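Now for the letters of each chain:
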Amino acid sequence: MRSIAALPSRTLVPLLLVVFALMLSVVNNQLQVREYRSVVQDEQIHALTERLGVEQAMLDRLVANGNQLQLRRVVAELGLRPYLTHAYLIAPGGHVAGSLARADVGQDRIDRVVDADGSALLDLQVRPDQTLHIERSPDGRALLAVLSLQSGYRLLVRSDLELPLAQRLHASRLELWRNAATILVSALVLALFLHVFWLRRANRLSEAARAIGRGHLDTRVDIGGRDELALVANAFNDMALRLQAQHAALRDGERRMRAMFELAGVGVARIDTLRGRFLDVNAKFCEIAGHGRHDLLALDFMHITHPDDLPAELAQMDALRSGGIREFSMDKRLRQRDGRTVWVTLSVTPLWSAGEAPDFHIAVVQDITDRYEADQALTLERNRLREAERIAGLGSWEVHPVTGRVWWSAEMFVLFGLDVAAQPPMLDGFLDLVHPEDRAAVASALEQMKAGASTLGALAYRTSPARGPVRHLQPSVQIVTDDEGRVLKYAGTLMDTTEAVCAEQALRASEERLRATLECAPNVAVQWFDRDGRVLYWNHASATLYGWAIDEAIGRRIDDLVLAGSKAQAFMARLERIRRENLRIGPEELAVRHRDGTLRHIESSTFCIPGSDGDPIFVCMGVDITARRRAEQAVEKERTHLRTLFAALPDMVWLKSPEGRFMSCNRMAERVMGLRESELVGKTDYDLFPREVADSFRSHDEMAVRVGGRHINDEWLTVRDTGERMLMQTIKLPMRNEAGDLIGVLGIARNITPLHETQEELRALNRELEQRVSERTRALSDAMKELESFSYAVSHDLKAPLRGIDGYSRILQEDYGDRLDDQARRFLGNIRNGAAQMHALIEDLLAYSRMERRSLESSRVDLGELVKSVLARRADELAAASVQVIGEVPSLVVRADRQGLDLVLRNLIDNALKFSRDARPPVISLSTRVDGDRVTLSIRDNGIGFDMKYHERIFEIFQRLHRSDEFAGTGVGLALVRKAMQRMGGRVWAESAPGEGACFNLELPA
């Protein structure tokens, strides 16, 4: 009050005059409106009572006759009464027998069809002492009436009060405005005169605001004074100053964000999800893709993707667009402009929220060509190891006692005569593969393994004769434990020692038959020579090794058979030395000549034994090691290849002794540590790094040894020469010999600093993108609410004139029909048909809009029971048209919204009934098909059919293939079917040909 009293008189007096005039006008208007409302309510109650009294007799008669079609028509014609918005005829049992909207007829419960305005009708009850009850709705906007009919039928009616009240107010608006205008004009004239000076200052302030709106943030205004307008001007100047500062900050942030995008260590692109075209790419993406930025922006991602990888990526994109996944990653190949192919890891993240329409997505690629080639090399090495196991007859196995899981290499299956594609037997089933005589010992060992024994004794056993030839097997085992000594797994090998065992048995059994054994020895070539170098004995192995048969070799000199020239002379000198000094020479490696001239490598031992006649006999025993020598050469070659690969790896690789001293390293390790391999060998971490860093490295080495397997950790490392700090992902693995003794620790380290920095930048970018998406989501939600309000207003405003047109035309037809000629009556009929068609179109549009907005409740629906329910509600119409329904839908449970699926079935049954009306007889066939987790329902008719080139058109809203005078309809039904199926996660399609009927297929998730 003090602030108002402090106002100057030129402001206070006009203000009080205007306020008083407004209050007086408002009070007068409210009193008049209240009076009009009471009059309108009384008039509408009287009119509604008369109308329902007239209709009651007709409805009772139709109910008694059972004429459902005429009942629906009478109820539908109630919509022609002005202001009547809802009318429902409820049959005993609660289903809707009649309504203003055709789609509501046949529903088994009224609460499924009534909207928010008509929901109050559900609570109306008829008093026992009267058949008609009328009351005002709780919100006062309408009259609600319930009329009891014969046989338990009820008629529920809602009549709008707002529209007649508005018409009454409109008719008396001149009088109301005249009174208010007289008061207000007097006050405004005086107020205008008193405020003319104040308005000029306000105009200066508004001009400044317009300048700010045009982007002139440096605009300021000074209008003087100390009143409220001056305070507003000061606040305006403060706001302009803050806006100027915020605008500068936004531009700076945008520059930083763009720089982050361009300088990212991985390729980043923004792509149109629907068309696949590139919208923006950074420099790294252009480098990896091998195309310029301008070229990429003119292409889509399919153009640069390798054809073999494109189907998999398109499948992932389809799942992303449909909402099946929210993001995905995959490895694929890119084709560069020069024709080269690079391997990349692709990560795709959508920029739309769940439930929104797809628009754009972010694609991040990283070049993994080097890693892929390394993986290929590793796969090659694994294949070589598998082949080596096959050649050596050596199988590998693992047993996890805690989980009972068993792993076998391929050679294990071969040893036991099993199919390589089969699963390895569990411990209990393994005994069936063991020789019956050895099963007790093997069972004891298996029990120890199940119990997690930390030691296992040596064990050899044989395979079961039921699995084929008996094999002698020698297992070896390595026990892997955790830090507390608990057994994690048993790992080992299984060697086929059948040949060795058989040889040993044969040796013990034939010691007395040495000569025969030597004669048949397959691998040891034995020769006896006299002092002149002539052959005295030549076994079969010698014949095989040198190519000379036994009878050919006996009596020949050494220089005629194996050695020639100086080598033969050296051999004779060696024999003399052995005789003289009683020596044993060998084993030593020699190169000898085969009969065909090829060289063979043998491991030979030579010694002297006395002959029967006292002359010495020189015994030479040689083993052909030509294959071993070739294998050693191959191994040496393979070792050279591995060493070259080891040196060329882009990651740091080193090997330390168990004491922590460097034993070897590759070139990358030399570059990072600043020392050559020769300088690094023998040193420890403490010689190269600060003590706390060396302690950390050493603890990770010891952890890998304790774990007994791979140990991964991230470590920061400083390059010795440049001082660069790098985050390394390090893998350390203990190296053991065949006996299981620790011989060193292998370390592999990769620089992941760029990846770490890029991840941090992407996280910041994702947070900003999520904030933008949230803001856009709120804006979209507000727009949907406005659209819903608009739909209600449009439906109400369109229905009112239609009811007037239909009502007046019906009155004209009934009261003046006998005065009109045939052409006028035809025109009048066309008007009424057009109004009815327009009303049906509005109802279908509202149903389509409700299907767009309403939230669907996905539940388990019995498809067979629902189809039977829809056919039962259409039984009268089907019988009237003599329609034959063929086929029965079994009880199949699908996931769908029951009300939505009911609407789809009703529309398709009505469609089949409409377009097969001229068939003799009309036939509707039903069939179902189950494909995995999808159920397909087919509804086929023998109607007029359609050309399949219009397949997509018939599912679009307002699209019709026939004129309305041929087949009634609005062009909304099939569009409503497609929309409902899409929202329920299903799909609909049609199959047809002109004159051959149509088949509509519904696919739903089971």
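Residues numbered from 1 in each chain as written. Predicted model: local features only at pLDDT ≥ 70, side-chain atom pairs only at ≥ 80, totals over all residues. Heavy atoms only, no water.

1. Focus: the overall build of the chain
- Assigned secondary structure in the chain consists of 32 helices and 32 strands.
- Within the chain, buried positions represent 39% of all 1006 residues.
- For the chain, restricting intrachain contacts to residue pairs at least 6 apart in sequence, the fraction spanning at least 24 positions comes to 52%.
- In the form shown here, the chain has an accessible surface area of approximately 57,000 Å², with 54% of it arising from carbon and sulfur atoms. (Helix = DSSP H or I, 4+ residues; strand = E, 2+ residues; numbered from the N terminus. Buried < 20%, exposed > 50% of the residue type's maximum accessible area, 1.4 Å probe, protein only. Contact = heavy atoms within 4.5 Å. Areas by Shrake-Rupley, 256 points an atom, 1.4 Å probe, with all protein chains shown as cover.)

2. Observations regarding helix H14 (residues 439–450)
- With 12 residues, H14 ought to run about 16 Å at 1.5 Å a step, and its terminal C-alpha atoms sit 16 Å apart, in line with that.
- Among the residues of H14, Val442, Leu446 and Met449 are the ones counted as buried. Buried positions in H14, seen along its axis, are confined to an arc of 55 degrees and lie on one side of it.
- Positive backbone phi, approximately 80 degrees, marks Gly452, located one or two places after H14. (Expected span 1.5 Å × (residues − 1). Arc of directions from axis to C-beta.)

3. So, the packing of aromatic side chains
- Inspection of every chain in the model, using the stated rule, returns 3 aromatic pairs.
- In this structure, Arg270 packs its charged tip against the face of Phe360, placed 5.3 Å from the ring centre.
- Cation over ring: Arg987 sits above Trp989, and NZ or CZ is 4.0 Å from the ring centre. (Phe/Tyr/Trp six-rings, centres within 6.5 Å; stacked < 30°, edge-to-face > 60°. Lys NZ or Arg CZ within 6 Å of the ring centre and 35° of its normal.)

4. Considerations on the sheet that holds strand E6 (residues 267–272)
- Strand order in the open sheet formed by 5 strands is E7-E6-E10-E9-E8, with antiparallel pairing between adjacent strands. The open sheet has two edge strands, strand E7 (278–281) and strand E8 (328–335), and neither has a second partner. Strand-to-strand twist of the sheet, defined as the mean angle between neighbouring strand axes without regard to direction, takes the value 30 degrees.
- Relative to strand E10 (residues 360–367), E6 runs antiparallel, the two being bridged by 6 bridges. Bridge pairing in E10 places Arg270 opposite Ile362.
- Strands E8, strand E9 (341–350) and E10 of the sheet are contacted by helix H10 (residues 310–322), whose axis makes an angle of about 140 degrees with E8. (Pairing = 2+ DSSP bridges. Axes fitted to C-alpha atoms, helices over the stretch in contact; angles between N-to-C directions.)

5. Some words on the sheet that holds strand E17 (residues 535–538)
- Reading across from one edge, E17-E16-E20-E19-E18 is the order of the 5 strands in this open sheet, with antiparallel pairing throughout. Each edge of the open sheet carries a strand with a single partner, namely E17 and strand E18 (585–593). The mean angle between the axes of side-by-side strands here comes to 30 degrees, regardless of whether they run parallel or antiparallel.
- Sheet topology places strand E16 (residues 524–529) next to E17; 3 bridges connect them, and they run antiparallel. In the sheet register, Trp528 faces E17, and the bridge partner there is Tyr537.

6. Examining the pairing of E18
- In this structure, E18 lies alongside strand E19 (residues 599–610), joined through 7 bridges in antiparallel fashion. Across the sheet, Val592 pairs through a bridge with Arg600, a residue of E19.

7. Remarks on the packing of helix H28 (residues 863–873) against helix H30 (residues 898–915)
- One way to put it is that H28 packs onto H30 with a least axis distance of 10 Å and a crossing angle of 50 degrees. The angle between H28 and H30 falls in the class oblique. For H28 against H30, the interelement crossing comes out right-handed. Here H28 contributes Leu863, Glu865, Leu866, Val867, Val870, Leu871 and Arg873 to the contact with H30, which in turn contributes Arg898, Leu901, Asp902, Leu905, Arg906 and Ile909.
- Looking at side-chain class alone, the contact of H28 with H30 contains 8 nonpolar, no polar and 5 charged residues. (Parallel < 35°, antiparallel > 145°, perpendicular 65-115°, else oblique. Left-handed = near helix turned anticlockwise from the far one by under 90°. Nonpolar A, V, L, I, M, F, W, Y, C, P; charged D, E, K, R; others polar.)

8. A look at the pairing of strand E15 (residues 487–496)
- Strand direction decides the pairing type here: strand E11 (residues 394–399) and E15, joined by 6 bridges, are antiparallel. Paired with Leu394 across the two strands is Met495, which belongs to E15.
- Across 9 bridges, the pairing between strand E14 (residues 472–481) and E15 is antiparallel. The residue bridging Ser476 from the neighbouring strand is Thr493, located in E15.
- Counting the residues between successive antiparallel strands, the hairpin from E14 to E15 contains 5 residues, one of them, Gly485, with a positive phi of roughly 85 degrees.

9. Side note on the packing of H30 against helix H32 (residues 973–983)
- Look at H30 against H32: their axes get within 9 Å of each other, and the N-to-C directions meet at 150 degrees. Taken together, H30 and H32 sit at an angle that is classed as roughly antiparallel. Handedness of the H30/H32 crossing: left-handed. Residues Gly900, Leu903, Val904, Asn907, Leu908 and Asn911 of H30 form the contact with H32, whose own contacting residues are Gly973, Leu974, Leu976, Val977, Ala980 and Met981.
- Residues of the contact of H30 with H32, tallied by class, amount to 8 nonpolar, 4 polar and no charged.

10. Quick notes on the pattern of salt bridges
- Overall, the coordinates contain 32 salt bridges when judged by the stated rule.
- Measuring nitrogen to oxygen at the nearest pair gives 2.7 Å for the salt bridge that ties Glu313 to Lys332. Here the residue Glu313 occupies a position in helix H10, and Lys332 occupies one in strand E8, the gap between them amounting to 19 residues.
- By relative accessible area, Lys332 is classed as buried at 3%.
- Across the pair Glu865 and Arg898 runs a salt bridge, and its minimum N-O distance is 2.8 Å. Within this pair, whereas Glu865 is found in helix H28, its partner Arg898 is found in helix H30, the two being separated by 33 residues in sequence. (Salt bridge = Lys/Arg side-chain N within 4 Å of Asp/Glu carboxyl O.)

11. Section: a nonpolar patch on the surface
- Where nonpolar side chains cluster on the molecular surface, the patch consists of Leu733, Met735 and Ile743 and spans about 210 Å² of accessible area.
- By the element assignment, Leu733 lies in strand E24 (residues 725–736). (Patch = residues over 30% accessible without salt bridge, like charges linked within 9 Å, V, L, I, M, F, W, Y side chains within 5 Å.)

12. Quick word on the nonpolar core
- Leu901 and Leu905 are the most contacted members of the largest nonpolar core, which has 38 residues in total.
- Mapped by element, the contributors of at least two residues to this core are H28, strand E28 (893–896), H30, strand E29 (923–931), strand E30 (934–941), H32, strand E31 (987–992) and strand E32 (998–1005).
- The contacts of Leu901, once residues within four sequence positions are left out, are Val861, Leu863, Leu866, Val894, Ala896, Met984 and Leu1004.
- Ranked by size, the runner-up nonpolar core spans 25 residues in total, among them Leu299, Phe301, Leu310 and Val342. (Core = buried A, V, L, I, M, F, W, Y, C linked by side-chain atoms within 4.5 Å.)

13. Structural notes on H30
- Here H30 is 18 residues long and its end C-alpha atoms lie 26 Å apart, about the 26 Å a rise of 1.5 Å per residue gives.
- Across the 18 residues that make up H30, a large majority, 13, are buried.

14. Some points on unusual backbone geometry
- Following Arg920, the chain continues to Pro921 via a peptide bond in cis, the omega torsion being -5 degrees.
- Even without being glycine, Ser882 reaches a positive phi, approximately 60 degrees.

15. With respect to the side chain of Asn713
- By the element assignment, Asn713 lies in strand E23 (residues 711–718).
- Asn713 gets classed as buried once you look at its relative accessible area, which sits at 8%.
- A distance of 3.3 Å separates the side chain of Asn713 from the side chain of His700, its partner in a polar contact.
- Contacts of Asn713, omitting those with residues within four sequence positions, involve His700, Met728, Gln729 and Thr730. (Polar contact = N/O pair within 3.5 Å; in protein donor to acceptor, adjacent residues only side chain to side chain.)

16. A word on the environment of Val693
- Within the secondary structure layout, Val693 lies in helix H25 (residues 691–707).
- The spacing of Val693 and Leu717 is 24 residues in sequence and 8.7 Å in space, taken between C-alpha atoms.

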